[in-house]
Amino acid sequence: MWTSGLVLLALAGFWFMLNVIQRDRWRDHLWLGVLIGLSFAFKPTSLHLLAPLALTYAVAAWRAWSFYSLMVPVVAFLGVAVRGVIAGSMALSV
């Protein structure tokens, strides 16, 4: 029973990781934080989700840098960092 709930949360987390990369909306970051927090609440051994999560924010930072490379790339990194911190705080609060 616990593993089926963890699988559901992991799949939903992967879905929102994809939404973060493609759409970069605030609510996707928030839901991703909630789902990661819930998966850790179910089973603390779900640390394997941290690798795709780090890759997700690395890709988001790279896409933001490539978009703002001619302007000020620091603004792009700060935007991704703020969204990542908000998702992390949501995960910790859950």
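Residues numbered from 1 in each chain as written. Predicted model: local features only at pLDDT ≥ 70, side-chain atom pairs only at ≥ 80, totals over all residues. Heavy atoms only, no water.

Notes on the packing of aromatic side chains
We describe a pair of aromatic rings using the distance from one ring centre to the other and the angle between the two ring planes. Applying the stated criterion to the full structure yields one aromatic pair. Stacked on the ring of Trp26, the Lys or Arg Arg83 has its end atom at 4.8 Å from the ring centre. (Phe/Tyr/Trp six-rings, centres within 6.5 Å; stacked < 30°, edge-to-face > 60°. Lys NZ or Arg CZ within 6 Å of the ring centre and 35° of its normal.)

Focus on helix 3 (residues 50–67)
Between the first and last C-alpha of helix 3 there are 26 Å, a value that for 18 residues agrees with the 26 Å anticipated at 1.5 Å per step. Among the residues of helix 3, those classed as buried are Leu53, Thr56, Tyr57, Ala60, Ala61 and Ala64. Seen from one end, helix 3 has its buried residues packed into an arc of 130 degrees, which puts them on one side. Facing away from the buried side of helix 3 by over 90 degrees, the exposed positions are Ala51, Leu55 and Trp62. (Helix = DSSP H or I, 4+ residues; strand = E, 2+ residues; numbered from the N terminus. Expected span 1.5 Å × (residues − 1). Buried < 20%, exposed > 50% of the residue type's maximum accessible area, 1.4 Å probe, protein only. Arc of directions from axis to C-beta.)

Observations regarding the pattern of salt bridges
According to the stated counting rule, one finds two salt bridges in the structure shown. One salt bridge connects Asp24 with Arg83, and the closest N-O pair in it is separated by 3.5 Å. Here Asp24, found in the loop between helix 1 (2–22) and helix 2 (26–42), pairs with Arg83, found in helix 4 (residues 73–93); they are 59 residues apart in sequence, far enough to count as distant. Residue Arg83 is classed as buried on the basis of its relative accessible area of 18%. With its nearest N and O atoms 3.1 Å apart, the salt bridge here joins Arg25 to Asp28. Looking at Arg25, the relative accessible area reads 28%, which means it is partly exposed. (Salt bridge = Lys/Arg side-chain N within 4 Å of Asp/Glu carboxyl O.)

A few points about the confidence of the model for the chain
Across the chain, pLDDT averages 88, with 95% of residues at or above 70. Across the chain, the element-wise mean pLDDT spans from 87 in helix 4 up to 92 in helix 2. (pLDDT = per-residue confidence, 0-100.)

Here we look at the side chain of Asp28
Structurally, the position occupied by Asp28 is in helix 2. Polar contacts involving the side chain of Asp28 include one to the side chain of Arg25, which spans 3.1 Å. What Asp28 contacts, discounting residues up to four positions off in sequence, is Phe16, Asn19, Val20 and Arg23. (Polar contact = N/O pair within 3.5 Å; in protein donor to acceptor, adjacent residues only side chain to side chain. Contact = heavy atoms within 4.5 Å.)

Overview of helix 4
Its 21 residues place the ends of helix 4 30 Å apart at the C-alpha level, agreeing with the 30 Å of an ideal helix rising 1.5 Å per residue. Taken together, the buried positions of helix 4 are Ala76, Val80, Arg83, Ala87 and Ala91. The arc that holds the buried residues of helix 4, viewed along the axis, is 85 degrees, so those residues lie on one side. Pointing more than 90 degrees away from the buried face of helix 4 are the exposed residues Val74, Val75, Leu78, Val85, Leu92 and Ser93. Looking at the packing, one finds that the buried side of helix 4 touches helix 2 and helix 3.

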